[in-house]
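# Summary of structural features
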Amino acid sequence: METTAANQSPSSSDVDVTPRGETSAVLRTLQLIQYDDPDSKLQAAKEIRRLAKTSQRCRRLLADSVIPLVSMLRVDSPESHNEPALLALLNLAVKDEKNKMSTVEAGALEPIIRFLQSDNLNLQGSATAALLTLSASVNNKTIIGASGAIPLLVHMLRHGPTQSKVDAVTALSNLSTHPNNLTAINETGPIPSIVSLLKASKKSSKAAEKCCSVIASLVCFDEGRTALAAEDCGILAVVEVLENGTLQAREHAVGALLTTCESDRCKYREPILREGVIPGLLESTVQGTPKSQTKAKSLLRLLRESPYPRSELQPDTIENIVCNIISQMDGEDQSSKAKKMVAEMVQVSMEQSLRHLQQRALVCTPTDL
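So, here's what we can say about the structure. If you're wondering where the values come from, they're calculated on a predicted model, not measured in any experiment. (Residues numbered from 1 in each chain as written. Predicted model: local features only at pLDDT ≥ 70, side-chain atom pairs only at ≥ 80, totals over all residues. Heavy atoms only, no water.)

### Observations regarding the overall build of the chain
Looking only at helices and strands, the chain features 22 helices and zero strands. Of the contacts formed within the chain by residues at least 6 apart in sequence, a portion of 66% connects residues at least 24 apart. Accessible surface computed for the chain: about 19300 Å², of which carbon and sulfur atoms make up 53%. (Helix = DSSP H or I, 4+ residues; strand = E, 2+ residues; numbered from the N terminus. Contact = heavy atoms within 4.5 Å. Areas by Shrake-Rupley, 256 points an atom, 1.4 Å probe, with all protein chains shown as cover.)

### Considerations on empty space enclosed by the protein
A complete count under the given rule lists one cavity of 30 Å³ or more for this structure. Empty space within the largest cavity amounts to approximately 40 Å³. As for the largest cavity, its lining consists of Leu86, Leu89, Leu90, Thr103, Ile112, Ala130 and Leu134. Among the elements that line the lining of the largest cavity, the one with the most residues is helix H5 (residues 79–93), at three residues. When grouped by side-chain class, the residues that make up the lining of the largest cavity number six nonpolar, one polar and no charged. (1 Å grid on protein atoms, 1.4 Å probe; cavity = no way out; pocket = protein on both sides within 12 Å on 5 of 7 lines; lining within 4 Å. Points joined across faces, edges and corners; volume = space filled by probe spheres on them. Nonpolar A, V, L, I, M, F, W, Y, C, P; charged D, E, K, R; others polar.)

### A closer look at helix H10 (residues 149–159)
Residues spaced three or four apart along an α-helix face the same direction, because each turn holds 3.6 residues. Along H10, the residues classified as buried are Ala149, Ile150, Leu152, Leu153, Val154, Met156 and Leu157. Elements that come into contact with the buried residues of H10 comprise helix H7 (109–116), helix H8 (121–134), helix H9 (138–146), helix H11 (162–175), helix H12 (179–187) and helix H13 (191–200). (Buried < 20%, exposed > 50% of the residue type's maximum accessible area, 1.4 Å probe, protein only.)

### Concerning the side chain of asparagine 99
Note on placement: asparagine 99 falls in helix H6 (residues 97–105). Note on asparagine 99: relative accessible area 1%, which makes it buried. If we skip the residues at most four places from it in the chain, asparagine 99 touches Arg59, Arg60, Ala63, Val66, Leu92 and Ala93.

### Some details on the nonpolar core
Counting residues in hydrophobic clusters, the biggest one holds 92 residues, and the most contacted among them are Leu69, Leu198, Ile215, Leu257, Val277, Leu281 and Leu303. Ranked by residues supplied to this core, first place goes to helix H14 (residues 206–218) with eight residues. (Core = buried A, V, L, I, M, F, W, Y, C linked by side-chain atoms within 4.5 Å.)

### As for the packing of H11 against H14
Look at H11 against H14: their axes get within 9 Å of each other, and the N-to-C directions meet at 45°. Between H11 and H14, the angle falls in the class oblique. Crossing of H11 over H14 shows left-handed handedness. Across the interface between the two elements, Val166, Val169, Thr170, Leu172 and Ser173 from H11 touch Ala207, Lys210, Cys211, Ser213 and Val214 from H14. (Axes fitted to C-alpha atoms, helices over the stretch in contact; angles between N-to-C directions. Parallel < 35°, antiparallel > 145°, perpendicular 65-115°, else oblique. Left-handed = near helix turned anticlockwise from the far one by under 90°.)

### Concerning unusual backbone geometry
Its identity is not glycine, yet lysine 95 carries a phi of approximately 55°, on the positive side. Of note, lysine 95 is situated in the loop between H5 and H6. For cysteine 233, which is not glycine, the phi dihedral falls at a positive 65°. Within the secondary structure, cysteine 233 is located in the loop between helix H15 (222–230) and helix H16 (234–244). Residue cysteine 233 is classed as partly exposed on the basis of its relative accessible area, which comes to 34%.

### Observations regarding the pattern of salt bridges
Tallying each qualifying case throughout the model produces eight salt bridges. Here aspartate 222 makes a salt bridge to arginine 225, at a shortest N to O gap of 3.7 Å. Of this pair, aspartate 222 and arginine 225 both sit in helix H15, three residues apart, roughly one helical turn. Look at aspartate 222 and you get partly exposed, because its relative accessible area is 45%. (Salt bridge = Lys/Arg side-chain N within 4 Å of Asp/Glu carboxyl O.)

### Comments concerning the side chain of serine 137
Within the secondary structure layout, serine 137 lies in the loop between H8 and H9. Apart from residues no more than four positions distant in its own chain, serine 137 is found in contact with Glu97, Lys100 and Met101.

### Focus on the environment of leucine 302
Relative to the helices and strands, leucine 302 resides in helix H20 (residues 290–303). Sequence-wise, leucine 302 and cysteine 261 are 41 residues apart; in three dimensions their C-alpha atoms are separated by 7.4 Å. Residue contacts for leucine 302: discarding those within four places in its chain leaves Leu258, Cys261, Glu262, Arg265 and Arg269.

Right under this line is the structure:
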C-alpha cells in the first residue's frame with residue numbers, strides 16, 4: 001500500500017520551528033501529558049525533552065509539565081517511563097531557575113535518590129546529571145544536601161563511568177558553597193577520588209576546574225589537607241592546574257595551595273616547593289585574576305626561607321622573594337625555569353609601566369588652542 005503524507009513521521013526539516021510553531025507544539029504536548037494513557041505520557045515526555053533541549057522560550061512555556069513529569073518518576077509508574085521523564089525534567093531545568101526550584105518542590109529528589117542506587121547504569125548517570133543541574137540553584141542546595149544525595153554522589157565519583165564522575169564532582173562543587181554541605185562532603189573522604197579524576201583530566205578542562213574548586217574548599221579541613229598531601233602526586237596535580245588550567249581553575253589551585261601552606265607552613269612548605277610551584281605562581285602574579293594575583297604573592301612570601309619582611313635594604317618585592325626561594329631550591333632545571341619566569345615578569349611589568357607613562361603623557365599634553 002502506498003504511504004501517504006499523513007502517515008509519514010515528520011522529518012527535522014518538516015518541523016515548524018517558528019515561535020508560532022513552537023507554541024502550537026507546546027500546547028499539544030501539555031495536553032498530551034495530562035492523559036491517563038501511559039503511552040501518551042511517554043510520548044509527551046520525549047517531546048518535552050526535544051522542545052526544551054535548546055529553546056529557553058519552550059522551557060518557560062512548558063513549566064506546567066513539571067508536576068506530571070515528576071509523577072512519572074514514582075514507584076508505581078512503569079519503569080520504562082523513568083528515564084524519559086527524568087531527561088525531560090533535566091532539559092526543562094537547564095538555565096531556568098524557576099524550573100529547577102519547581103522540580104525539587106514537586107518531589108523529584110526522592111526518586112532521583114532511588115535512581116542513584118539503581119542497578120541501571122543509564123538511570124544512575126541521568127540521575128547524577130539531574131543533581132548537577134538542580135544543585136546549581138542556590139535555593140536547592142540545602143534541600144539536596146539534606147536528602148542524602150552527597151554520599152551517593154561521592155560513591156558515583158569513586159565507581160561511576162567517566163562522565164558520571166565529572167557530573168558528580170560538578171554537583172559536589174555546586175553543593176560545597178553551603179557550609180553544612182561542605183562538612184558532609186568532607187566526612188565522606190572524597191579527596192583521593194577527586195585527585196584521581198583530576199590526574200586523568202586535561203588540566204585546561206572544566207572537569208579539572210571543578211576538581212580544584214572542591215579541593216580548595218576541602219583543604220580548609222585538616223583531613224582534606226592531610227589527604228591531599230598523602231595522595232600520590234596530589235599536590236603536583238594541583239600545581240599542574242596552576243600552570244595550565246583555566247583562569248578560574250588557577251584561582252582555585254593557588255587558593256588550595258595557599259590555604260594548605262598557611263595552615264602549617266613547616267609541614268607543607270617543602271612538599272609544595274618540591275612540585276615546582278614557582279613558575280605557575282609567577283605567571284599568576286602577572287596574568288591571573290585579581291584574586292589569583294593576591295593569593296600567588298601571599299604564597300610566594302610564605303614559601304621563602306623567612307616569612308617575615310626583609311629590611312629596607314632588601315625590599316619585599318616579588319623578585320626578591322622569588323630569588324630567595326630559588327637560592328634554596330635543588331635542581332638546575334627548576335631554578336633556571338624560575339629565573340626565566342622572573343625575567344619575563346620584570347619585562348612585562350616594565351612594559352606595563354611604560355605604557356602607563358605614555359598614556360599619562362598624552363593626557364597631560366596641552367591641546368592646541
